[in-house]
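What follows is each chain in one-letter form.
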Amino acid sequence: MTLSSPAKLDTSVLLPLEPEEEEERPLSERIPGLRRYLAGLYGARASLRALPGEGGTQVARRTSFDGRVLFLPEAYRGFRDETADRLYLAAVAHAGAHLAFGRARFEPKSLKPLQIALISLLEDARVEWLAMEALPGLRRLWRPFHDALALDKDGATATAEVLMARLALALFDPARPLDNPWLAKGRDMFFAAMPEWDDPGALRLLGSLLGNDLGQMRVQFNSKTYVVQPVYRDDNAGLWEFDRPPPPEEDDTSLAEAVRIETREKPPEPGERERREAGGESDPRPASLSPLDPDQWIAVARMPEWDHGAGRLRPDWATIVEATPRTAPAALVERWLEARPDVARRTAGLIRQAKVGRPARLRRQGEGDRLDLDAAVRAAIDLRAGFDPDTRVFERSALSERDLAMLVLLDISESTKDTIGGTATSVFSVLREAVAHLSAALAETGDRFALHAFCSNGRDEVRYRRVKEFAEPFGNAARSRLAGLRPGLSTRMGAALRVATREAARQLSHRRLVLVVTDGEPSDIDVTDPAYLVEDARKAVQEAAGAGVDVFCVGLDKTGETYLSRIFGRGNFVQIGKVEMLPDRLPQIYVRLTR
Amino acid sequence: MPLSAYQIAEEPYFEPQGGEVALFSAAHALRQPVMIKGPTGCGKTRFIEHMAWRLGRPLITVACHEDMTASDLVGRYLLDAGGTAWHDGPLTLAVRHGAICYLDEIVEARQDTTVVVHPLTDDRRILPLEKKNELVRAHPDFQLVISYNPGYQSVLKDLKESTKQRFVALDFAYPDAEREAQIVAREAGVAKDVAVLLVRIAERTRNLKGHGLDEGASTRMLIQAGRLIKQGVGLAEACHVALVLPITDDMGVRETLSDVIAACA
């Protein structure tokens, strides 16, 4: 049983460890959990991102929170394993408290850096108090980080930093005895002001006063080296309305880092993105990308296109091109599957269950294990009325056999490179992972399926990638093609749908299904009318229906309702608002569709 | 009285959240069909039981499922010694003798099944029994109530537009914190502070709706957890087995839930 009982939290010991970092859990893996934690605690939503931990200049890193985006350090130096887990939770819980109980930013006006730091500290204490009122367990979460500073040792030099960390503790735990009159004054005034906490002016005044006192005590404060204590708190950049460069140095760096991240999010060199896509590891590019030029596109077909303005089909309008598929080590697919064993297990279970089929009641059978009441009654009535009765009065249950061929058509246009809110994961990588899970499960059960992908670069170049064909097993060849798939270009959906329809229609199955997975509206570089490709795709779906092929769409665009229902018809698409859920949802959708 | 088995003798405990008792009474006075929406375990069924008791009407409940056919609702001929005999289904029973017929989780039933209620839910108030060649006029006390959970709605399971538009709807949500704590304390028999804590936990899990959970913990779940606590199970463990484990199989989400629960107490 994996019960994390609250009692466990108390016994934690925070041992600062050697700075050498062994394989810590990467932040990107923590982020989904932390985001859920934030949402769970406060019902709040914020973007969580990594604060790149380059250079070793700043010893103590803090989270940085600007009200909307929470930047977390890649690692907290000296914290590992469970302590690190707890620290991230504490940091997120603290930032969430700001989010839930914070208010308008303070104006720095004429405040000195020391006063700004103090007011921030008071605000930290205030939001934590409010948070702990609602969630008392947070005290247990935060407490060890105060204790770890070991501030009550006598003889510690009374620098501003030490005093402030002690004040933080005094405000966190007012029951502690204090030997320092300044701390006692700060604590007493803070709690005396509790009724006025809603008024930002009260804390501001208190902070200024305490700052003046420290000034009179001639305590040195260096805003350039000051870091907030304890470690889980954020740098409070989000509390202040700095219109000029902010006085405390740390704010400056964190803001600069924020900007740096923004630019890193869209790297100019395509190679780098591909490397990152390739599974996060830092190997050089997969060697198999180049030997045969996989980008020699050859025209293989022409497809008509529907011009909704003219109300006619333009014959041979879009050119379908194909090329030798790019490949990457099939082991990558293996790794995606292994990375999420729970999804793999659920998917396999779901599909196996669907494969067996639900028992169907076969009525009016010549023989069977039960009387079919309706038929028996009818027979009895017929007998009485003097008619010749129908002797098929039995019913039995049988497992329904499915005869189905499905073609999964992936939209791999440029927009799938977008990262999912706050993580380094792109839509494309989730898509790929989801497809890998589905394919692996389908291959197990032997369902007939094919996996194709498309993107386009104008009507003369609708690129069609065959990752897996119907007749082929989901073996190494198909896997390495899936791993080699790269996103780019535009979405000319109609043309691709027509190709997919042809492929599916060729299958000798009772039911033929094309499952389109797309993240955006059809668009292409040579089309300006936004309705044009939507209407064309709609036409393509209608043509598919005419050819006896069902088309269903999974939309990864929260705002896609309008065009998806236009193209596929109401009821023939689902929207998945949270792309991360795709690996779980895709098999469910498959099972529902194939019932 | 054929429906005496369906009479509710003792008052089912129900804590009103707002004007729903008055609204339902008004709708009942007009015999309007009522649709009750709300997340799972928020008290929809309890409310209907309570209202049936309050109005002194028998209550016939049908839990709808995918394989339910119209005959399962309306009735069918069965064979007996003398030949065939008609047996009323639950809906027909209610229509004939004047009960509240409650179709629970109606969206689970196939749409071709649900359309049998159409003639009952407009001015006609009739139920044609095609196979028996009989037209049953609804008893003056008959009222139809359906419930469903909009959270489950999907393209594959939804009410027909023509069905939806025949009902007046009451929208249920989880009760506010204080009321919910009161309910949990009463139903589970735990102290008020435990109930308050359970509700606080539930609120946090409901925040996770859409973040890995389809639904947060329901009032029903809290009562289950509370009952375990009453039996002497520790809070953390009770929450784990009654809230965390049933609600999700995702390890990451479970971990978050445990962390969130730890923060609540």
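This structure is a prediction, so every number in the text was calculated from the model and none was measured.

Some details on the environment of His65 of chain B
All names here are of chain B. Residue position: His65 is located in the loop between β2 (59-63) and α3 (70-74). According to the relative accessible area criterion, His65 is partly exposed, its value standing at 38%. Aside from chain neighbours lying at most four places away, what touches His65 is Glu108 and Ala109.

Notes on the layout of surface pockets
Residues and elements named next belong to chain B. A volume near 480 Å³ is recorded for the second largest pocket. If you trace the second largest pocket, you find 22 residues lining it, with Gly41, Cys42, Gly43, Arg46 and Arg220 closest to the centre. For the lining of the second largest pocket, the secondary structure elements donating two or more residues are α2 (44-55), α7 (177-188) and α9 (219-230). Of the residues forming the lining of the second largest pocket, the biggest block, 5 residues, is contributed by α9. Residue composition of the lining of the second largest pocket, grouped by class: 7 nonpolar, 7 polar and 8 charged. Counting only domains with at least three residues in the lining of the second largest pocket, you end up with domain 1 (4-171) and domain 2 (177-264).

Observations concerning the packing of helix α8 (residues 192-207) of chain B against α9 of chain B
Residues and elements named next belong to chain B. Two elements in contact, α8 and α9, have axes whose closest approach is 10 Å; the angle formed by their N-to-C orientations is 140°. The angle between α8 and α9 falls in the class oblique. Where α8 crosses over α9, the two elements pack in a sense that is right-handed. For the pair formed by α8 and α9, the contact residues are Val194, Leu198, Val199, Ala202 and Arg206 on the first element and Thr219, Leu222, Ala225, Gly226 and Ile229 on the second. Per-class residue counts for the contact of α8 with α9 are 7 nonpolar, 2 polar and 1 charged.

Here we look at the interface of chain A and chain B
At the junction of the two partners, chain A supplies 44 residues and chain B supplies 38 residues. Buried area between chain A and chain B, summed over both chains or domains, comes out near 3500 Å², and the portion from carbon and sulfur atoms is 57%. On the surface where chain A and chain B come into contact, there are 0 salt bridges. Linking chain A to chain B there are 11 residue pairs in polar contact (both at pLDDT 80 or more). Elements supplying a minimum of two residues to the side of chain A that touches chain B: α1 (6-10), α2 (27-42), α5 (137-147), α12 (341-356), α13 (373-385), β14 (573-575) and α19 (582-593) of chain A. Examining the composition of the side of chain A that touches chain B, we find that 7 residues originate from one element, α2 of chain A, more than from any other. When the residues that make up the side of chain A that touches chain B are grouped by side-chain class, the tally is 21 nonpolar, 8 polar and 15 charged.

Things to note about the nonpolar core
Core analysis: the largest hydrophobic core is formed by 69 residues, its most contacted members being Tyr37, Leu41, Tyr42, Leu72, Leu138 and Trp142 of chain A. No other element matches the 10 residues that helix α3 (residues 81-101) of chain A contributes to this core.

As for the sheet that holds strand β1 (residues 47-51) of chain A
Residues and elements named next belong to chain A. Ordered in space as β1-β3-β2, the 3 strands form an open sheet in which the pairing is mixed. Looking along the sheet, the strands with just one partner apiece sit at the ends: β1 and β2 (64-65). In this sheet, strand β3 (residues 69-73) lies alongside β1 in parallel orientation, the contact comprising 5 bridges. Residue pairing across strands places Leu48 opposite Leu70, the latter belonging to β3. Packed onto the sheet, α2 meets β1 and β3 and runs at close to 150° relative to β1. Sheet contacts for α3: β1, β2 and β3; angle to β3, the most-contacted strand, approximately 160°.

Re the environment of Asp85 of chain A
Residues and elements named next belong to chain A. Checked against the element boundaries, Asp85 lands in helix α3. For the pair Asp85 and Leu34, spaced 51 residues apart in sequence, the C-alpha separation works out to 9.7 Å. Ignoring anything within four residues of it in the chain, the contact list for Asp85 reads Arg25 and Arg30. Reaching out from Asp85, the side chain makes a polar contact with the side chain of Arg30 at a distance of 2.7 Å.

Digging into the sheet that holds strand β5 (residues 100-104) of chain B
All names here are of chain B. With respect to topology, 5 strands assemble into an open sheet ordered β2-β5-β8-β1-β9, the strand pairing being parallel. Looking along the sheet, the strands with just one partner apiece sit at the ends: β2 and β9 (168-171). Shown here is a sheet whose adjacent strand axes are inclined to one another by a mean of 20°, direction ignored. Strand direction decides the pairing type here: strand β1 (residues 34-37) and β9, joined by 4 bridges, are parallel. Paired with Lys37 across the strands is Asp171, a residue of β9. Along the sheet, α2 makes contact with β1, β2, β5, β8 (143-148) and β9, crossing β5 at roughly 175°. Packed onto the sheet, helix α4 (residues 90-97) meets β2, β5 and β8 and runs at close to 160° relative to β2.

Remarks on the pattern of salt bridges
Residue and element names in this part refer to chain A. Considering all chains together, one arrives at 44 salt bridges over all chains under this definition. With a shortest N-O distance of 2.8 Å, Glu535 and Arg566 are connected by a salt bridge. Of this pair, Glu535 sits in helix α17 (residues 530-546) while Arg566 sits in helix α18 (residues 561-568), and the two are 31 residues apart along the sequence. Residue classification places Glu535 among the buried positions, given a relative accessible area of 14%. Arg566 gets classed as partly exposed once you look at its relative accessible area, which sits at 37%. Taken together, the shared-partner salt bridges in this structure form one network comprising Glu322, Arg466, Glu469, Glu503 and Arg506.

What about the confidence of the model for chain A?
Residue and element names in this part refer to chain A. When pLDDT is averaged across chain A, the result is 77; 81% of the residues are at 70 or more. Helix α4 (residues 113-134) holds the highest mean pLDDT among the elements of chain A, 91, whereas helix α9 (residues 249-265) holds the lowest, 37. Taken as a whole, residues 55-60 scores under 50 in pLDDT and shows 3 contacts with residues more than four places along the chain or in a different chain. Within the model, the stretch residues 244-292 combines pLDDT values under 50 with 64 contacts to residues more than four positions away or in other chains.

Describing the packing of aromatic side chains
Residues and elements named next belong to chain A. The tally for this structure, following the rule as stated, stands at 16 aromatic pairs over all chains. On the basis of an interplanar angle of 85° and a centroid distance of 6.3 Å, the ring pair of Tyr42 and Phe101 is categorised as edge-to-face. Of the two residues, Tyr42 is situated in helix α2 and Phe101 in helix α3; the sequence distance between them amounts to 59 residues. Summarising the aromatic geometry, the rings of Phe221 and Tyr226 are spaced 5.1 Å apart at their centres and angled 55° between planes, so their arrangement reads as tilted. Classification of Phe221 as buried rests on a relative accessible area of 18%. Members of the aromatic cluster, each reached through a chain of ring pairs, are Phe79, Trp142, Phe145 and Tyr232. Residue placement shows Arg314 over the ring face of Trp317; its charged tip is 4.3 Å from the ring centre.

What about the side chain of Asp234 of chain A?
All names here are of chain A. Note on placement: Asp234 falls in the loop between α8 (200-216) and α9. For the buried Asp234, no salt bridge is present, and the opposite-charge side chain at shortest range is Arg233, 7.6 Å distant. A distance of 3.4 Å separates a polar atom in the side chain of Asp234 from a polar atom in the side chain of His98. Within the local environment of Asp234, its side chain forms a polar contact with the backbone nitrogen of Asn236, the two atoms lying 2.9 Å apart. Those residues in contact with Asp234 that lie beyond four places of it in its chain are Arg62, Thr63, Ser64, Phe65, His94, Ala95, His98 and Val228.

Definitions and cut-offs
- Residues numbered from 1 in each chain as written.
- Chains lettered and ligands numbered in written order.
- Predicted model: local features only at pLDDT ≥ 70, side-chain atom pairs only at ≥ 80, totals over all residues.
- Heavy atoms only, no water.
- Helix = DSSP H or I, 4+ residues; strand = E, 2+ residues; numbered from the N terminus.
- Buried < 20%, exposed > 50% of the residue type's maximum accessible area, 1.4 Å probe, protein only.
- Contact = heavy atoms within 4.5 Å.
- 1 Å grid on protein atoms, 1.4 Å probe; cavity = no way out; pocket = protein on both sides within 12 Å on 5 of 7 lines; lining within 4 Å.
- Points joined across faces, edges and corners; volume = space filled by probe spheres on them.
- Nonpolar A, V, L, I, M, F, W, Y, C, P; charged D, E, K, R; others polar.
- Domains from an automatic or database assignment.
- Axes fitted to C-alpha atoms, helices over the stretch in contact; angles between N-to-C directions.
- Parallel < 35°, antiparallel > 145°, perpendicular 65-115°, else oblique.
- Left-handed = near helix turned anticlockwise from the far one by under 90°.
- Buried area = accessible area lost by both parts, 1.4 Å probe.
- Salt bridge = Lys/Arg side-chain N within 4 Å of Asp/Glu carboxyl O.
- Polar contact = N/O pair within 3.5 Å; in protein donor to acceptor, adjacent residues only side chain to side chain.
- Core = buried A, V, L, I, M, F, W, Y, C linked by side-chain atoms within 4.5 Å.
- Pairing = 2+ DSSP bridges.
- pLDDT = per-residue confidence, 0-100.
- Phe/Tyr/Trp six-rings, centres within 6.5 Å; stacked < 30°, edge-to-face > 60°.
- Lys NZ or Arg CZ within 6 Å of the ring centre and 35° of its normal.
- Lys, Arg positive; Asp, Glu negative; His and termini not counted.

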